[in-house]
Amino acid sequence: MAGKHPRNLAGLRAARRCGVKTRSGEPCRAPAIAGALRCRMHGGKGAGAPRGNRNAQKHGAYSKRVRNLRAVRQAFEKAMRVMIEQLDDFS
């Protein structure tokens, strides 16, 4: 059944080969990724690390506006606790 493969493999056979030296010392025979010189196993597919520092993105949890809102809320809660204590003392 050799030579009677149902798929059209002409493009795969004509593709440029990776050519990286393998551990056996022979060149890699895998087809290179389109637009790259190497195959998927030897670094043709990856584009490297993502750009920018995604760990330093701003989220606003410690912005001046949020800190002020937090301080107002804490002052309000403290005033409410004092009022509740005064009501308990009154009754």
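Preceding this section is the structure that the text describes.
So, here is what we can say about the structure in this document.

What counts and how
Residues numbered from 1 in each chain as written. Predicted model: local features only at pLDDT ≥ 70, side-chain atom pairs only at ≥ 80, totals over all residues. Heavy atoms only, no water. Helix = DSSP H or I, 4+ residues; strand = E, 2+ residues; numbered from the N terminus. Rg over C-alpha atoms; globule rule 2.2 N^0.38 Å. Buried < 20%, exposed > 50% of the residue type's maximum accessible area, 1.4 Å probe, protein only. Contact = heavy atoms within 4.5 Å. Areas by Shrake-Rupley, 256 points an atom, 1.4 Å probe, with all protein chains shown as cover. Lys, Arg positive; Asp, Glu negative; His and termini not counted. Charge placed at Lys NZ, Arg CZ, Asp CG, Glu CD. Patch = residues over 30% accessible without salt bridge, like charges linked within 9 Å, V, L, I, M, F, W, Y side chains within 5 Å. Salt bridge = Lys/Arg side-chain N within 4 Å of Asp/Glu carboxyl O.

**Quick look at the overall build of the protein**
Here's step 1: Tallying secondary structure elements over the protein gives two helices and zero strands in all.
Here's step 2: For the protein, the C-alpha radius of gyration of 34 Å lies well beyond 12 Å, the compact-globule estimate for 91 residues.
Here's step 3: When each of the 91 residues of the protein is scored for burial, the buried share is 8%.
Here's step 4: The contacts in the protein between residues at least 6 apart in sequence include a share of 2% that link residues at least 24 apart.
Here's step 5: Entry remark: accessible area of the protein is about 8,800 Å², with carbon and sulfur atoms responsible for 55%.
Here's step 6: One way to put it: in the protein the 21 positive side-chain charges average out to a point 36 Å from where the 5 negative ones average out.

**Quick notes on a nonpolar patch on the surface**
Here's step 1: Taken together, Phe76, Met80 and Met83 make up a surface patch of nonpolar side chains, about 300 Å² in accessible area.
Here's step 2: Structurally, Phe76 is set in helix H2 (residues 64-90).

**Some points on the environment of Val20**
Here's step 1: With respect to the helices, strands and loops of the structure, Val20 is situated in the loop between helix H1 (10-14) and H2.
Here's step 2: Along the primary structure Val20 and Phe76 are separated by 56 residues, whereas in three dimensions their C-alpha atoms are 69 Å apart.
Here's step 3: Setting aside chain neighbours within four positions, we find Val20 in contact with Glu26, Pro27, Cys28, Arg38 and His42.

These results come straight from atomic positions and should not be treated as a statement about function.
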